[in-house]
Amino acid sequence: MRCVRGKGTKPELAVRALVHRLGYRYRLHDRQLPGKPDLVFPSRRKVILVHGCFWHQHSAACKNITPKSNTEFWSAKLRRNVVRDAENLKALLREGWKVLTVWECQVEKRNLTERVRRFLDA
Ligand SMILES: [Zn+2]
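Residues numbered from 1 in each chain as written. Predicted model: local features only at pLDDT ≥ 70, side-chain atom pairs only at ≥ 80, totals over all residues. Heavy atoms only, no water.

Caption draft 1: Main features of the side chain of Glu 104. Mapped onto the elements, Glu 104 comes out in the loop between β4 (98-103) and α3 (112-121). A relative accessible area of 10% means that Glu 104 is categorised as buried. A polar atom in the side chain of Glu 104 sits 2.7 Å from the backbone nitrogen of Cys 53. (Helix = DSSP H or I, 4+ residues; strand = E, 2+ residues; numbered from the N terminus. Buried < 20%, exposed > 50% of the residue type's maximum accessible area, 1.4 Å probe, protein only. Polar contact = N/O pair within 3.5 Å; in protein donor to acceptor, adjacent residues only side chain to side chain.)

Caption draft 2: Fine view of the sheet that holds strand β3 (residues 46-51). Pairing within the open sheet is mixed, and its 4 strands lie in the order β1-β2-β3-β4. The outermost strands of the open sheet, each flanked by one partner alone, are β1 (27-28) and β4. Sheet strands touched by helix α1 (residues 10-21): β1, β2 (39-41), β3 and β4. Its angle to β3, the strand with the most contacts, is close to 145 degrees. (Pairing = 2+ DSSP bridges. Contact = heavy atoms within 4.5 Å. Axes fitted to C-alpha atoms, helices over the stretch in contact; angles between N-to-C directions.)

Caption draft 3: Local environment of unusual backbone geometry. Not every positive phi belongs to a glycine, and Lys 36 is a case in point at roughly 45 degrees. Residue position: Lys 36 is located in the loop between β1 and β2. We note that Asn 70 has phi near 55 degrees; this positive angle belongs to a residue other than glycine. With respect to the helices, strands and loops of the structure, Asn 70 is situated in the loop between β3 and α2 (71-94).

Caption draft 4: View of the nonpolar core. Counting 15 residues, the largest nonpolar core has Val 15, Val 19, Phe 41, Ile 48, Val 102 and Val 116 as its most contacted members. When contributions to this core are tallied by element, the ones reaching two or more residues are α1, β2, β3, β4 and α3. Of the residues forming this core, the biggest block, 4 residues, is contributed by α3. Apart from residues lying up to four places away in sequence, Ile 48 is in contact with Val 15, Val 19, Asp 38, Leu 39, Phe 41, Leu 100, Val 102, Val 116 and Phe 119. The next biggest cluster of nonpolar side chains, apart from the first, holds 7 residues, and it includes Leu 33, Leu 49, Leu 92 and Trp 97. (Core = buried A, V, L, I, M, F, W, Y, C linked by side-chain atoms within 4.5 Å.)

Caption draft 5: Focus on the packing of aromatic side chains. If you walk through the whole model with that rule in mind, you get 4 aromatic pairs. Here the aromatic rings of Phe 54 and Trp 74 are separated by 5.1 Å at their centres, their planes lie at 70 degrees, and the arrangement is edge-to-face. Of the two residues, Phe 54 is situated in the loop between β3 and α2 and Trp 74 in helix α2; the sequence distance between them amounts to 20 residues. Like Trp 74, Phe 54 is buried. In textbook terms, an aromatic cluster arises when at least three aromatic residues are bridged by ring pairs, as seen for Phe 54, Trp 55, Phe 73 and Trp 74. We note Lys 46 situated over the ring of Phe 119; from NZ or CZ to the ring centre the distance is 5.5 Å. (Phe/Tyr/Trp six-rings, centres within 6.5 Å; stacked < 30°, edge-to-face > 60°. Lys NZ or Arg CZ within 6 Å of the ring centre and 35° of its normal.)

See below:
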């Protein structure tokens, strides 16, 4: 089972390295903001969220989202995560932040650099 949770997980580190390579400065896990977003770009008023596909339940098309055991326990827990993610996202948008969500399964994709750059420069 793929469980990506907590801070400094692998996909997050990969995105951080990418953003750093591009030369953008960011803050990590700003506690003042809803959901403590992974990467915060205060002067641009933008945040990047790096979501583990299982933990944050990426779309139905993603292969990583189904728990392999203990299904009932997980579905309740994961549903709560999804609700909380939606609330955090809404709160961020309400406060005028622009949000890019990068899913774990997208981290290795070649177009990620372009996506990130386009988002931050827009
Ligand atoms: Zn995914």
